[in-house]
Amino acid sequence: PSKLRLLKILLPLWRHRRLLDFYHPEKAAPLDSESAASYVRRQFGREVLDCLVEPAFASTFTVLPEQLSKAFLLSTVATMFRGFRLQAFRGGNGALTRALASRVAVRLNTQVDRVEAASGGVTVHLHNGSPIEADAAVVTVPGNAVDGLCPALTPTETEFFGAVRYAASIVVFVMAGAAAEPAFYGAGIPRREGVRLYGMAVDSAKAGVA
């Protein structure tokens, strides 16, 4: 019965297809009316939430469905239906940071106290050092740490970032006797299994790396 109820998702995916763009989530704002958990439970039942949506989203985005929106859920599912595939850089995802570091100045072990944006650009205040002036800044920290770095947020932005919550995660590396690439990328584990583990990912073996 749960699998049959899942067919109902085709209707909102078709009806709202112009709003469901994973790379432009603001388009789906009119659909942001409830959490993904309440939407799935109401439309498709508890089994779909426990065994499909929760392990898939919690292990991929490190966020529980109670903290995700219905709009994000539908946008993600629509993207999957359009043929989205997980991909990685040849040689590992570190290839991206290495390429960026070869073109821009990199400061390691540098503490940033605050980031102040204005119409003409942005100022990054360092804990020990002179401020850095720039046209723009990309702040890549956990959402609940943004408020402490950006004091000029609006009350709405402060409320939003302060409410961000993440599912707990841990990374464990296992060294095997022989390098082998399993036939799966990862496994999601439902919350009701009681192991307090949402997923397990497999990192493909790389030449010269244990």
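Not measured: the values here are computed from a predicted model.

### Overview of the packing of helix α4 (residues 46–61) against helix α5 (residues 70–81)
The geometry of α4 relative to α5 is characterised by a closest axis approach of 13 Å and an angle of 90° between their N-to-C directions. Here α4 lies roughly perpendicular to α5, going by the angle between them. Contact residues: Val53, Phe57 and Phe61 in α4; Phe72, Leu73 and Thr76 in α5.

### Structural notes on the packing of helix α3 (residues 36–44) against α4
Where α3 meets α4, the axes come as close as 6 Å, and the angle between the chain directions of the two elements is 125°. Viewed along their axes, α3 and α4 adopt a mutual orientation that is oblique. Taking contact as the criterion, the partners of Ala37, Val40, Arg41 and Phe44 in α3 are, on α4, Arg46, Val48, Leu49 and Val53. When grouped by side-chain class, the residues that make up the contact of α3 with α4 number 6 nonpolar, no polar and 2 charged.

### Thoughts on the side chain of Thr123
Note on placement: Thr123 falls in strand β2 (residues 121–126). Thr123 gets classed as buried once you look at its relative accessible area, which sits at 14%. Reaching out from Thr123, the side chain makes a polar contact with the side chain of Glu133 at a distance of 3.0 Å. In this structure, Thr123 is in contact with Arg114, Val115, Glu116, Pro131, Ile132 and Glu133, ignoring residues within four places of it in sequence.

### Concerning the pattern of salt bridges
In the structure shown here, the tally under the stated rule is 7 salt bridges. Here Asp50 makes a salt bridge to Arg192, at a shortest N to O gap of 4.0 Å. Of this pair, Asp50 sits in helix α4 while Arg192 sits in the loop between β4 (186–188) and β5 (199–201), and the two are 142 residues apart along the sequence. Glu66 serves as the salt-bridge partner of Arg191, at 3.1 Å between the closest nitrogen and oxygen. Residue Arg191 is found in the loop between β4 and β5, and its partner Glu66 is found in the loop between α4 and α5; the two are separated by 125 residues along the sequence. Each of Arg46, Asp50 and Arg192 takes part in a single network of salt bridges with overlapping partners.

The rules behind the values
- Residues numbered from 1 in each chain as written.
- Predicted model: local features only at pLDDT ≥ 70, side-chain atom pairs only at ≥ 80, totals over all residues.
- Heavy atoms only, no water.
- Axes fitted to C-alpha atoms, helices over the stretch in contact; angles between N-to-C directions.
- Helix = DSSP H or I, 4+ residues; strand = E, 2+ residues; numbered from the N terminus.
- Parallel < 35°, antiparallel > 145°, perpendicular 65-115°, else oblique.
- Contact = heavy atoms within 4.5 Å.
- Nonpolar A, V, L, I, M, F, W, Y, C, P; charged D, E, K, R; others polar.
- Buried < 20%, exposed > 50% of the residue type's maximum accessible area, 1.4 Å probe, protein only.
- Polar contact = N/O pair within 3.5 Å; in protein donor to acceptor, adjacent residues only side chain to side chain.
- Salt bridge = Lys/Arg side-chain N within 4 Å of Asp/Glu carboxyl O.

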